[in-house]
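Close look at the chain arrangement
Read off the chains here:
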Amino acid sequence: ASYPKLDWQPYSDEALAKAFDEKKPVILDFYADWCGACKELEKYTFVDPRIQERSKDFVLLKVDATEPSEALDVLKKRYNVMGLPTMVFFD
């Protein structure tokens, strides 16, 4: 099935800092390939034309939580991520 995708970029501290420097709002999406609810967001929510339109006002950063790692643990702790999916908004 093909559906419109949002313009997600992989998360990095640099990408987040750049968005803050440019005073742009950010959506940080913690997802995993094994996460059913994450797939539903992609398939049903992110395809909504209103979401597609509004998303253009944000820097969209994705954190791939599929494989556990120390770096991921640090991010999950920093953003208080208890489960997936988790979305963090910065204005």
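For the structure itself, look to the data block above.
Bear in mind the structure is a predicted one, so any value in this text is a computation, not a measurement.

Summed over all chains, the structure comprises one disulfide. In this model, Cys35 is linked to Cys38 through a disulfide, with the two sulfur atoms separated by 2.2 Å. Between Cys35 and Cys38 the sulfur-sulfur dihedral comes to about 85°; the bridge is accordingly right-handed.

A few words now on the sheet that holds strand 1 (residues 9–10). Spatially, four strands are ordered 1-3-2-4 in an open sheet, and the strand pairing comes out mixed. The sheet is open, and its two edges are formed by strand 1 and strand 4 (86–90), each paired on a single side. Pairing between strand 2 (residues 26–31) and strand 4: five bridges, direction antiparallel. The residue of strand 4 that forms the bridge with Asp29 is Met87.

Let us now look at the pattern of salt bridges. On inspection of all chains with the given rule, the structure shows nine salt bridges. The partner of Asp13 in a salt bridge is Arg78, with the nearest N and O atoms 3.4 Å apart. With Asp13 in helix 1 (residues 13–21) and Arg78 in helix 4 (residues 70–78), the pair connects residues that are 65 residues apart, well separated along the chain. Under the relative-accessibility criterion, Asp13 is labelled partly exposed at 41%. Residue class for Arg78 comes out partly exposed when judged on its relative accessible area of 45%. In this structure, Lys62 engages Asp29 in a salt bridge whose closest nitrogen and oxygen atoms are separated by 2.6 Å.

Calculation criteria
- Residues numbered from 1 in each chain as written.
- Predicted model: local features only at pLDDT ≥ 70, side-chain atom pairs only at ≥ 80, totals over all residues.
- Heavy atoms only, no water.
- Disulfide = S-S within 2.5 Å.
- Pairing = 2+ DSSP bridges.
- Helix = DSSP H or I, 4+ residues; strand = E, 2+ residues; numbered from the N terminus.
- Salt bridge = Lys/Arg side-chain N within 4 Å of Asp/Glu carboxyl O.
- Buried < 20%, exposed > 50% of the residue type's maximum accessible area, 1.4 Å probe, protein only.

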